[in-house]
Structures are given as C-alpha cells and as structure tokens.
Amino acid sequence: LAGDVPAARTHAEEALAISREIGDPVAEAVSLEGLGRLALREGDVPAATALLEQALARQQAAGDRSGEASVRYRLAEAQIALGDLAEAWREAERALAIVEAWRSGVAGEDLRAFYLAKVQDYFGLAIDILMRMHEANPAGGHDRRAFEVAERSRARALLESLGGARLRIRRAVD
C-alpha cells in the first residue's frame, strides 16, 4: 500500500471499526494514529491533530506508554506543520521521556539496543525542532539544548553498544 493513500485509509478505517467492535482500545488507538498520519501526509493538519488526540487518549487510558510516545511523536510533527514549535517541542520532549524510561524496562541488553535504534527518529525530531527554534530565536539557547539531546542520544547508543559487547564477551567466556 506504499503510496496508495486511499487504500491505506480504507484499511485503517476498517481496522478502526473492527477494533471498536471488539473493544480493543490499543488497536483503536493504533488505527486512529494511522488515520492521523494519513491526514498529516495529505496536509490536513486539523483533522490529523483531532485523530491523534483521540489516539493519545486511548493509549493513555490503556496504559500503553510506548504507543503514547508514538502518538506524541506524530503530534509533534503536526505542531511543526502548524508552526507551533514550542508545542512541538513539548510533545517531542514528552515522547523522549517515555522512550527513555521504557528503555530501562526492556529486558535484555540486545532488546534494549534494538529498542533504542527503533526510537532514534524521536531524538532526530527533537533536535530538528530545537534547531528550528534556534533559527527563529538565536539567543534562546535552543542550539545548546539540541546539542544536549544529540549527546544524550549518542550516549544511550554507546551504552547499549557496550552492554551488548559485554554480553557477547560473557557468552564467549562461559
């Protein structure tokens, strides 16, 4: 379905109807997020925002923190499209806080490394937002915060890489 927005929308709407019928709030949230992403892709930011806010409410009610982070990432993208960089930064910051907290709860060093690789886009979006804020207000210190986010991302990746190396050494020794 790559590039076929009408077909993707049809499938997402069908998935949404099924998830509502069976009472699965997480599946409903995922469907709403998918519809929000499609609306963003088409440039309908108000519709995207409304769909994403519904998805966020369902993810929060279900306690799905990873899903919540994903929706917050998309909300940050929507806020960029609206030109509200301050709100985009708040959403990106919330998403980062969730994924960083989740990282420590992921069992196994290999899985943590995989999870961190999966969420690198979150760090990239946060840096992009901060650099846009810096362009708009060079004296605001946003470039420094962007650098801190970049270094935090690199430090996490290095720690996970070292942890994976330690695990491979232990396995080789045993």
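One can find the structure itself at the top, above this paragraph.
Calculation criteria
- Residues numbered from 1 in each chain as written.
- Predicted model: local features only at pLDDT ≥ 70, side-chain atom pairs only at ≥ 80, totals over all residues.
- Heavy atoms only, no water.
- Helix = DSSP H or I, 4+ residues; strand = E, 2+ residues; numbered from the N terminus.
- Contact = heavy atoms within 4.5 Å.
- Areas by Shrake-Rupley, 256 points an atom, 1.4 Å probe, with all protein chains shown as cover.
- Core = buried A, V, L, I, M, F, W, Y, C linked by side-chain atoms within 4.5 Å.
- Buried < 20%, exposed > 50% of the residue type's maximum accessible area, 1.4 Å probe, protein only.
- Phe/Tyr/Trp six-rings, centres within 6.5 Å; stacked < 30°, edge-to-face > 60°.

1. Digging into the overall build of the protein chain
A count of helices and strands for the protein chain gives eight helices and zero strands. Element order for the protein chain, N to C, with α for helix and β for strand: α-α-α-α-α-α-α-α. Long-range pairs, those at least 24 residues apart, make up 54% of the contacts in the protein chain with a sequence separation of at least 6. As displayed, the protein chain offers around 9500 Å² of accessible surface, 55% of which is attributable to carbon and sulfur atoms.

2. Brief notes about the nonpolar core
Note that soluble globular proteins tend to have their nonpolar side chains buried in a common cluster. Ranked by size, the top nonpolar core spans 24 residues in total, and within it Trp-89, Leu-96, Val-99, Tyr-122, Ile-129 and Val-149 carry the most contacts. When residues of this core are assigned to their parent elements, the largest contribution, eight residues, is made by helix α5 (residues 85–105). Beyond its immediate sequence surroundings of up to four residues, Leu-96 is in contact with Tyr-122, Phe-123, Ala-126, Val-149 and Arg-152.

3. Considering the packing of aromatic side chains
All chains considered together, the criterion is met by one aromatic pair. Between the aromatic rings of Tyr-73 and Tyr-122, the centroid separation amounts to 4.9 Å while the plane-to-plane angle is 35°, which identifies the pairing as tilted. Taken together, the residues Tyr-73 in helix α4 (residues 65–82) and Tyr-122 in helix α7 (residues 120–136) connect sequence positions 49 residues apart. Both residues of the pair, Tyr-73 and Tyr-122, belong to the buried class.

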